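Chain residues, written in single-letter form:
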Amino acid sequence: MNAHPRNELADIARRLRIAVEIQGILREERTRSAPAALRRLRAEPADVGAARVRPAARIVESGRTAASSERSSGPAGAPAAASAPSPAARVVAPWEGDPARADSLGGLHDLYAACERCALGKTRKNFVFGVGAADARVMFVGEAPGRDEDLQGEPFVGAAGQLLNKILAAIEFAREDVYIANILKCRPPGNRDPRPEEIASCEPILRRQIELIRPVVLCTLGAFAARTMLGVTSGISRLRGRVHDYRGIPLVATYHPAALLRNPAWKRPTWEDVQLLRREYDARVGGAGGSS
Ligand code: SF4
């Protein structure tokens, strides 16, 4: 059965009223909530930006790159400028600073244990700082770690080290009572000669080692160590057999034990040199038989 036309018209009018009311309500609601929505929309980029800037700031502080923060502050659409970190923001590795900062032998070791002041820091297996008593009265200085020393992280541990121990015993010193180090703390690849830039980088570490240990007598082993410490170019045969001065400390130069293994004829002059060393020690410390 069809509905009455008057009823239909009344129903349509009622629906239209309801629709108009609903539209009005929606309009009011939009008007009321728009500022809050706008505020939210404006706030969001700032919050997101802040979250992004913080990690970038850390990167700047760690000295890697400032590109992220520059992108956020640069003109819109402009390509990010590549920029080196400012010197103030760059992180300085412990080994980049002056060795004089260290006030103990252990502290000096820790500052340079990961040293890369020269290229040898990238090829060594172990940093070979030195071995012995921190208050040793006698200090021996060689050239640089060899293969065995690089593997074990200790100077003079191979065949040359065994011979050095015998030489020490012959003049009544125990290895534990003296201090043994090298000019270079890292092995030159293939045992090649140290390069001038490597010596310049590493020698300040040795100098500080000597300042902290304060030995009463020094002994260089081999021509290279003698020349470096004395700042001369003479051969070992001209430098051995007498007492030199290294910053107020008497220094005796003799052959490197590895050279003695190759040339037994040098054992005799070496014996004379270490006896001279022992006499220098006795003159300053007093008496034979003691070692430190
Ligand atoms: S040789 Fe000396 S200066 Fe070079 S990396 Fe080793 S410790 Fe540093």
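You'll find the structure just up there.
Per chain, residue numbering runs from 1 following the sequence as it is written. A pLDDT threshold of at least 70 governs which residues receive local features in this predicted model, and a stricter bar of 80 or more applies before side-chain atom pairs are shown or counted, although totals over entire chains, interfaces and linings include all residues. Only hydrogens and water are set aside when side-chain values are computed; all heavy atoms of the structure are taken into account.

Draft legend 1. Region of the structure containing the overall build of the protein. Secondary structure elements are taken from DSSP: a helix is a run of H or I of four residues or more, a strand is a run of E of two residues or more, and numbering for both begins at the N terminus. When helices and strands are tallied, the protein shows 11 helices and six strands. For every residue, the accessible area (1.4 Å probe, protein chains only) is compared with the maximum for its type, and the residue is labelled buried under 20%, exposed over 50%, or partly exposed between those bounds. The burial tally for the protein puts 38% of its 292 residues in the buried class. Every residue pair with non-hydrogen atoms within 4.5 Å of one another is taken to be in contact. At a minimum sequence separation of 6, the contacts of the protein that also span at least 24 residues come to 67%. Entry remark: accessible area of the protein is about 17,000 Å², with carbon and sulfur atoms responsible for 53%. Per-residue accessibility takes into account occlusion by the displayed protein chains alone, with areas from the Shrake-Rupley method and a 1.4 Å probe.

Draft legend 2. Local environment of unusual backbone geometry. At Asn191, a position not held by glycine, the phi torsion is positive, near 60°. With a relative accessible area of 45%, Asn191 lands in the partly exposed category. Phi is positive for Arg214, which is not a glycine, with a value near 55°. Relative to the helices and strands, Arg214 is located in the loop between helix H7 (196-213) and strand E4 (217-221). Residue Arg214 is classed as exposed on the basis of its relative accessible area of 66%.

Draft legend 3. Up close: empty space enclosed by the protein. Only protein atoms enter the 1 Å grid, on which a cavity is a set of points fitting a 1.4 Å probe that cannot get out and a pocket is an open set with protein on both sides within 12 Å along at least 5 of 7 lines, lining residues being those with an atom within 4 Å of a point. Grid points are joined across faces, edges and corners, and a volume is the space filled by probe spheres set on the points. In this structure the tally under the stated criterion is one cavity of 30 Å³ or more. As a volume, the largest cavity reaches approximately 90 Å³. What lines the largest cavity is a set of 14 residues, and nearest its centre among them are Cys115, Cys118, Cys186, Cys202 and Ile205. The greatest single-element share of the lining of the largest cavity, amounting to three residues, is contributed by H7. Ten residues, namely Ala, Val, Leu, Ile, Met, Phe, Trp, Tyr, Cys and Pro, are considered nonpolar, four, namely Asp, Glu, Lys and Arg, are considered charged, and the remaining ones, Gly among them, are considered polar. Across the lining of the largest cavity, the residue classes tally to eight nonpolar, two polar and four charged.

Draft legend 4. Up close: the site of the ligand. Each residue is tested against the molecule or strand, and it is near if at least one of its non-hydrogen atoms lies within 4 Å. Every residue lining the ligand is accounted for by Cys115, Arg117, Cys118, Gly121, Arg124, Phe127, Lys185, Cys186, Ser201 and Cys202. Being in a pocket or cavity means that more than half of the molecule's atoms lie within 2 Å of its grid points. Taken atom by atom, the bulk of the ligand overlaps the largest cavity. Here the residues of the shell around the ligand are counted per class, giving five nonpolar, two polar and three charged.

Draft legend 5. Inspection of the pattern of salt bridges at higher detail. Whenever a carboxyl oxygen of Asp or Glu lies within 4 Å of a side-chain nitrogen of Lys or Arg, that contact is scored as a salt bridge. Enumeration according to the criterion identifies 11 salt bridges in this entry. Here Glu198 and Arg192 are joined by a salt bridge, their closest N and O atoms 2.7 Å apart. Overall, the relative accessible area of 21% leaves Arg192 in the partly exposed class. The network of salt bridges with shared partners includes Arg240, Arg268, Glu272 and Asp273.

Draft legend 6. Up close: the nonpolar core. Nonpolar core, defined: a set of buried Ala, Val, Leu, Ile, Met, Phe, Trp, Tyr and Cys residues in which side-chain atoms within 4.5 Å join the residues together. Counting residues in each nonpolar core, the largest one holds 62 residues, and the members touching the most others are Met139, Phe140, Ile183, Leu218 and Met229. Ignoring anything within four residues of it in the chain, the contact list for Met229 reads Val141, Ile183, Leu206, Ile210, Leu218, Thr220, Tyr246 and Leu251.

Draft legend 7. Geometry of the sheet that holds strand E3 (residues 179-182). Across the sheet, which stays open at both edges, the six strands sit in the order E1-E3-E2-E4-E6-E5 with mixed pairing between neighbours. Looking along the sheet, the strands with just one partner apiece sit at the ends: strand E1 (131-132) and strand E5 (243-246). Two strands make a pair as long as DSSP finds a minimum of two bridges between them. In terms of strand pairing, E1 meets E3 through two bridges, oriented antiparallel. Looking at E3, one finds that Val131 is bridged to Ile180. Here helix H11 (residues 267-285) sits on the sheet in contact with strand E2 (138-142), E4, E5 and strand E6 (249-254), set at roughly 165° to E6. Every axis in this analysis is a line fitted to C-alpha atoms, fitted for helices over the stretch in contact. Angles between the N-to-C directions lie between 0 and 180 degrees.

Draft legend 8. Representation of the side chain of Ser201. Tracing the backbone through its elements, the reader meets Ser201 in helix H7. A distance of 2.8 Å separates a polar side-chain atom of Ser201 from the backbone oxygen of Glu197. Polar contacts, as counted here, are pairs of nitrogen or oxygen atoms within 3.5 Å of one another; within protein the pair requires one atom able to donate a hydrogen and one able to accept it, and residues that are adjacent in sequence qualify only if both atoms are side-chain atoms.

Draft legend 9. Structural view of the environment of Trp266. Note that Trp266 resides in the loop between helix H10 (257-262) and H11. Note on Trp266: relative accessible area 31%, which makes it partly exposed. The sequence separation of Trp266 and Tyr255 amounts to 11 residues, and the corresponding C-alpha distance is 7.4 Å. The residues contacting Trp266, other than those within four sequence positions of it, are Tyr255, Ala259 and Leu260.

Draft legend 10. View of the packing of aromatic side chains. The rule is short: rings of Phe, Tyr and Trp, with Trp giving its six-membered ring, pair when the centres are within 6.5 Å, and they are stacked under 30 degrees, edge-to-face over 60, tilted in between. Tallied over the entire structure, the rule returns three aromatic pairs. With a centroid separation of 4.5 Å and an interplanar angle of 10°, the aromatic rings of Tyr255 and Trp266 are classed as stacked. Linking Tyr255 in the loop between E6 and H10 with Trp266 in the loop between H10 and H11, this pair joins segments that are 11 residues apart in sequence. A ring has a charge above it when a Lys NZ or an Arg CZ is no more than 6 Å from the ring centre and no more than 35 degrees off the ring normal. Above the plane of the ring of Phe173 lies Arg278, whose end atom (NZ or CZ) is 4.6 Å from the centre.

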